[in-house]
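# Architecture at a glance
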Amino acid sequence: AQRVTQPEKLLSVFKGAPVELKCNYSYSGSPELFWYVQYSRQRLQLLLRHISRESIKGFTADLNKGETSFHLKKPFAQEEDSAMYYCALSKSNTGKLIFGQGTTLQVKP
Amino acid sequence: EAGVAQSPRYKIIEKRQSVAFWCNPISGHATLYWYQQILGQGPKLLIQFQNNGVVDDSQLPKDRFSAERLKGVDSTLKIQPAKLEDSAVYLCASSSPGGNYGYTFGSGTRLTVV
């Protein structure tokens, strides 16, 4: 069965500290993986996708097929990074997204 | 470009009542999705439309939930009768052909069933 697991419900760090939000998945084929972010009182929006290998707002994520992981990283957290982060998986070309339960990132001053 | 519009933003109903949500996707987006997000969980797909046809409704509780997308544009999601466990945020999203890229969410409708 396809599944996305985000083991941490809450991650609290100080400003300037490194951040790693964990995401593990189970999928038998070649998945497409995404990170979505929801800032306070805003809509859920795409942060980045593995296929484009881009860095958005200083965040990067590398797909590790051996460990079935897609962890989100940022070397120096900023207060404006505080938000809810969701990892999501999609079967190629279906559009359907399977989301993890989300991790709340709290960046303290 | 205009975003995905949803209404109402909030709705409180008693159990066994009916409720309907409306979604207007981004112009030109052929694919439309309804997701249910229960507090503390990630969004879960209820139904996916491609133009006005249903692509995936495997997770839709069809005994009480129904959805339609007339003319391949706006969509409505209905619950009748509502149960307490239907309390959630109902998210609409749309995407351009190809699906996974340019996936845009609406602001959602927060439903509370009392």
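Summarised in this report is the structure supplied together with it. (Residues numbered from 1 in each chain as written. Chains lettered and ligands numbered in written order. Predicted model: local features only at pLDDT ≥ 70, side-chain atom pairs only at ≥ 80, totals over all residues. Heavy atoms only, no water.)

### Here we look at the environment of S30 of chain A
Residues and elements named next belong to chain A. Structurally, S30 can be placed in the loop between β4 (24-26) and β5 (32-38). Residue S30 is classed as partly exposed on the basis of its relative accessible area of 47%. Put simply, S30 and T68 are 38 residues apart on the chain and 11 Å apart in space, counted from C-alpha to C-alpha. (Helix = DSSP H or I, 4+ residues; strand = E, 2+ residues; numbered from the N terminus. Buried < 20%, exposed > 50% of the residue type's maximum accessible area, 1.4 Å probe, protein only.)

### A word on the state of the cysteines
By definition, a disulfide links the sulfur atoms of two cysteine residues through a covalent bond. In this structure the tally under the stated criterion is 2 disulfides over all chains. Disulfide partner of C23 of chain A: C87 of chain A, at an S-S distance of 2.0 Å. Judged by the torsion about the S-S bond (-65°), the C23 of chain A/C87 of chain A disulfide is left-handed. Here C23 of chain A is found in the loop between β3 (19-21) and β4, whereas its partner C87 of chain A is found in strand β9 (residues 83-90), with 64 residues between them in sequence. Disulfide partner of C23 of chain B: C92 of chain B, at an S-S distance of 1.9 Å. Because the torsion about its S-S bond is -70°, the bridge between C23 of chain B and C92 of chain B counts as left-handed. Highlighted residues: C23 of chain B in strand β3 (residues 19-24) and C92 of chain B in strand β9 (residues 88-95), separated in sequence by 69 residues. Considered together, C23 of chain B and C92 of chain B belong to a single accessibility category, that of buried residues. (Disulfide = S-S within 2.5 Å.)

### A look at the side chain of D56 of chain B
Looking at where D56 of chain B falls in the secondary structure, it is placed in strand β6 (residues 53-56). The residues touching D56 of chain B, leaving out its near neighbours within four places in the chain, are K96 of chain A together with L45, L46, I47 and Q48 of chain B. (Contact = heavy atoms within 4.5 Å.)

### As for the nonpolar core
Of all hydrophobic cores here, the largest spans 25 residues; its most connected members are W35, L47, L48, F70, L72 and Y85 of chain A. If one sorts the elements of this core by residue count, β9 of chain A sits on top with 4 residues. Look past the residues within four positions of L48 of chain A in its chain and what remains in contact with it is F34, W35, E54, I56, F59, T60, A61, F70 and L72 of chain A. Listed in part, the 21 residues of the second largest apolar core include V4, V19, L60 and A88 of chain B. (Core = buried A, V, L, I, M, F, W, Y, C linked by side-chain atoms within 4.5 Å.)

### Remarks on the interface of chain A and chain B
Taken together, the contact between chain A and chain B spans 20 residues of the former and 21 residues of the latter. A combined buried area of about 1600 Å² lies between chain A and chain B, and 49% of that area is made up of carbon and sulfur atoms. Looking only at chain A, the three residues that lose the most surface to chain B are R43, L44 and K96 of chain A, adding up to 33% of its buried area. Summed over the shared surface of chain A and chain B, the number is 1 salt bridge. Salt-bridge contacts for D56 of chain B lead to K96 of chain A; the nearest nitrogen and oxygen are separated by 3.7 Å. Along the contact surface separating chain A from chain B lie 4 residue pairs in polar contact (both at pLDDT 80 or more). Taken together, the elements giving at least two residues each to the side of chain A that touches chain B come down to β5, β9 and β10 (97-99) of chain A. In terms of residues, the side of chain A that touches chain B owes the most to one element, β5 of chain A, which gives 3 residues. Split by residue class, the side of chain A that touches chain B holds 7 nonpolar, 7 polar and 6 charged. (Buried area = accessible area lost by both parts, 1.4 Å probe. Salt bridge = Lys/Arg side-chain N within 4 Å of Asp/Glu carboxyl O. Polar contact = N/O pair within 3.5 Å; in protein donor to acceptor, adjacent residues only side chain to side chain. Nonpolar A, V, L, I, M, F, W, Y, C, P; charged D, E, K, R; others polar.)

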